[in-house]
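Below, each chain spelled out in residue letters.
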Amino acid sequence: MIFRRLWGIPVAGLVALIKKRIANEVVFGYSGDAYFYAWARARARMVASPFGAVKDVTILSAIAGNAITLAMVAIALPLSRDLLPPDLFKTVLGSAAITFAISLPFLIFSRRVFSLPRATLWWVFMIHCIRLMCGSLLIALAWHFALPGVSIAMWLFLAAGRLLVSRLPLVPNKDLLFANFAILLIGQDQALSELVAFTAALTLLVHVILIVIFSGHAIAMRTRA
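My aim in this report is to walk through the structure given alongside it, one point at a time. (Residues numbered from 1 in each chain as written. Predicted model: local features only at pLDDT ≥ 70, side-chain atom pairs only at ≥ 80, totals over all residues. Heavy atoms only, no water.)

**Here we look at the pattern of salt bridges**
And then number 1: Enumeration over the complete set of coordinates arrives at three salt bridges.
And then number 2: The partner of Lys20 in a salt bridge is Asp33, and the shortest N-O contact between them spans 3.5 Å. Note that Lys20 is positioned in helix 2 (residues 13-27) and Asp33 in helix 3 (residues 31-41), a separation of 13 residues in sequence. The burial state of Lys20 is the same as that of Asp33; both residues are buried.
And then number 3: Put simply, Asp56 and Lys55 hold a salt bridge, and the shortest N to O gap is 2.6 Å. (Salt bridge = Lys/Arg side-chain N within 4 Å of Asp/Glu carboxyl O. Helix = DSSP H or I, 4+ residues; strand = E, 2+ residues; numbered from the N terminus. Buried < 20%, exposed > 50% of the residue type's maximum accessible area, 1.4 Å probe, protein only.)

In structure tokens:
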């Protein structure tokens, strides 16, 4: 939706965006953004100056993620204070503070950092926030239907923790990292540990299937050429 409004890219651009997401989550953070920039630059007739738009959308995605994460942590921590050991509680607070501090320079120097018009920047930020909230709601619903007996406080904390882990840069396979975190935190609950691990494994499996499909298509296109 964002790049279709900014550039008017065809539906085929969705494939490039899926590859961007896979690279960011499976390889390492922001490698997918570099790929997508190269993809857009190779289509100079469609995209006149891709760097500014890719940069702004990527930064706004990070800021929106940090904002939603902080909001969820603020809601979850009071409810889950009794569920966490004191040291881990302080660690979560420290991580939240770092997440907030990361966003500050971009907000303070926004006029020098961003290239798109202010109204467009707010629209992109809103789309990212809606995307993140919908994703968190859907994963929470999936977990709820699997284990309806788990407390709401734990669901809120795990959803916030999942977002917090997703904000870490240069970390491959964030879902599996979150699964390890959840297993360490609630290792006494075997069913919940297996559910989180299954979610991460299923996500990775989908990424692997898409990689195989995209690779097969690329090989077929080269063979025809």
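Next comes the rest of the write-up.
**Some details on the packing of aromatic side chains**
Each pair of aromatic rings is reported with the distance of its centres and the angle of its planes.
And then number 1: Under the counting rule described, the total for this entry stands at six aromatic pairs.
And then number 2: Geometrically, the ring pair formed by Phe3 and Trp7 is tilted, given 4.8 Å between the ring centres and 45° between the ring planes. Remark: Trp7 and Phe3 occur in helix 1 (residues 2-7); sequence separation between them is four residues, near one turn of the helix. Assigned by exposure class, Phe3 and Trp7 land together as buried.
And then number 3: Geometrically, the ring pair formed by Trp7 and Phe36 is stacked, given 5.8 Å between the ring centres and 15° between the ring planes. Of this pair, Trp7 sits in helix 1 while Phe36 is found in helix 3, placing the two residues 29 residues apart along the sequence. (Phe/Tyr/Trp six-rings, centres within 6.5 Å; stacked < 30°, edge-to-face > 60°.)

**A closer look at the packing of helix 2 against helix 10 (residues 190-224)**
And then number 1: Closest axis-to-axis distance for the helix 2/helix 10 pair is 11 Å, and the angle between their directions is 130°. When the interaxial angle is binned, helix 2 and helix 10 end up oblique. Where helix 2 crosses over helix 10, the handedness of that crossing is left-handed. Residues Val15, Ile18, Lys19, Ile22, Glu25 and Val26 of helix 2 lie in contact with helix 10, whose contacting residues are Thr203, Leu204, His207, Leu210, Ile211 and Phe214.
And then number 2: Looking at side-chain class alone, the contact of helix 2 with helix 10 contains eight nonpolar, two polar and two charged residues. (Axes fitted to C-alpha atoms, helices over the stretch in contact; angles between N-to-C directions. Parallel < 35°, antiparallel > 145°, perpendicular 65-115°, else oblique. Left-handed = near helix turned anticlockwise from the far one by under 90°. Contact = heavy atoms within 4.5 Å. Nonpolar A, V, L, I, M, F, W, Y, C, P; charged D, E, K, R; others polar.)

Keep in mind these values describe shape, not function.
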